[in-house]
Amino acid sequence: MRGTVLYGPRDIRSEERPEPKIIQPTDAIISIAATCVCGSDLWPYRGINPFTEPTPMGHEYCGVVEDVGAAVKSIKRGQFVIGSFATSDNTCAVCQHGYQSSCQQREFMNSAQATMLRVPLADGTLVPTPGHPSAGLIPSLLATSDVLGTGWFAADAANVKPGSTVVVVGDGAVGLLGVLSAKHMGAERIIAMSRHEARQKLALEFGATDIVTERGDEGIAHIKELTKGEGADSVLECVGTQESMSQSIQSARPGGFVSCVGVPHGVELNGEQLFYTHVHLHGGPAPVRRYLPMLIDLVLNGEINPGKVFDLTLPLARVAEGYRAMDERRAIKALLVP
Ligand SMILES: [Zn+2]
Ligand SMILES: [Zn+2]
């Protein structure tokens, strides 16, 4: 089968790989209908995450179940399924609290930029759709696997409520879908921080009411100006750098909520600053599995169209072009079709 392997900084290859097999009785094997490149894939691609050996890539996926292990009960051959980037049994105490991405049996998925994929803990990880979706719905269903689930968690963890004033820091696919999620949760004002024209346009289409192009102190000053000097009720930090985190904390009103879903790289928190801002901070790898059934329904009912974040579609064999386009910010997110 065809798979994707990162060999070193900016050295990503599509190559022949062994077909996955059932290893544990709780596994399923799926044939991939669509997969994609994640913003978080760019960290190792840029050589920012050190790595020692060639790494199979990809953790966002949907497709058809080809085979299941002997202990799999609810997932059946032939079903169209979507799963999260983190596997979960969906039964342990942590899962019961809704934090499936910290499941006691969690594994982080990789190898999904491929034609076939092994999914551990199939019954807990995968969610089937009723029947097979039409081709037009597949990008939006794929988006629920990570970017939409993560954007939704960003809005939920930042306590977005009807009438809230929301700031979204980061105009990648997750930030843009954080805008969509905040809109769906009834936010009244959604300020998207972006300098990129195509991304500003999509943010406005997803429900942003204001665009702020400044960053750092100027960005914070502009947010304060737009919120009568108060700061926002909810701030979604969707980048993961020191600059974006400190900008997020300072953009919230006293007692406001900041969520962080961008994988932190070199972020250090200032305890004194946190103390005096009265900010609630909540984040982590998004428990996408908690939201999957609801998000799949919203997509199937035509209420949301998160697949719009895919502005580049490539055959899987040309995956390297997808990484390059996202690295150079020529594409928001690249969809890969086996
Ligand atoms: Zn991802
Ligand atoms: Zn669990």
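Residues numbered from 1 in each chain as written. Chains lettered and ligands numbered in written order. Predicted model: local features only at pLDDT ≥ 70, side-chain atom pairs only at ≥ 80, totals over all residues.

Asks: Would you take a moment to explain the overall build of the chain for this structure?
Replies: Summing up its helical and strand segments, the chain has 12 helices and 16 strands in all. If one aligns the C-alpha atoms of the chain with their principal axes, the spans along those axes are about 60 × 40 × 40 Å. (Helix = DSSP H or I, 4+ residues; strand = E, 2+ residues; numbered from the N terminus.)

Asks: Would you explain the packing of helix H6 (residues 173-184) against helix H7 (residues 197-206) in this entry?
Replies: Packed helices, taken two at a time, are described by their axes: the angle between them and the distance between them. It is at 8 Å that the axes of H6 and H7 come closest, and there the two elements cross at 15°. On the basis of the axis angle, H6 is roughly parallel to H7. Judged by the sense of rotation from one axis to the other, the crossing of H6 with H7 is right-handed. Along the contact surface, H6 presents Leu176, Val179, Leu180 and Lys183, while H7 presents Arg199, Leu202, Ala203 and Phe206. Split into classes, the residues belonging to the contact of H6 with H7 amount to six nonpolar, no polar and two charged. (Axes fitted to C-alpha atoms, helices over the stretch in contact; angles between N-to-C directions. Parallel < 35°, antiparallel > 145°, perpendicular 65-115°, else oblique. Left-handed = near helix turned anticlockwise from the far one by under 90°. Contact = placed C-beta atoms within 7 Å. Nonpolar A, V, L, I, M, F, W, Y, C, P; charged D, E, K, R; others polar.)

Asks: Sorry, what's going on with the nonpolar core here?
Replies: Among soluble globular proteins, nonpolar side chains are generally buried collectively. Counting 102 residues, the largest nonpolar core has Ala28, Val166, Val168 and Val179 as its most contacted members. Residue assignment places this core across two domains, with domain 1 (2-146 + 287-337) and domain 2 (148-283) each supplying three or more. Here Val179 is in contact with Val168, Ile190, Ala192, Ala203, Phe206, Gly207 and Ala208, once residues within four sequence places are set aside. (Core = buried A, V, L, I, M, F, W, Y, C linked by C-beta atoms within 7 Å. Buried ≥ 20, exposed ≤ 12 C-beta atoms within 10 Å, placed from the backbone. Domains from an automatic or database assignment.)

Asks: Mind showing me how you'd approach the packing of helix H8 (residues 216-226) against helix H9 (residues 242-251) here?
Replies: It is the contact of H8 with H9, at a shortest axis distance of 10 Å, that shows an interaxial angle of 25°. As the angle between them shows, H8 and H9 are arranged roughly parallel. Crossing of H8 against H9: the hand is right-handed. In this structure, H8 contributes Gly216, Gly219, Ile220 and Ile223 to the contact, and H9 contributes Glu243, Gln247, Gln250 and Ser251.

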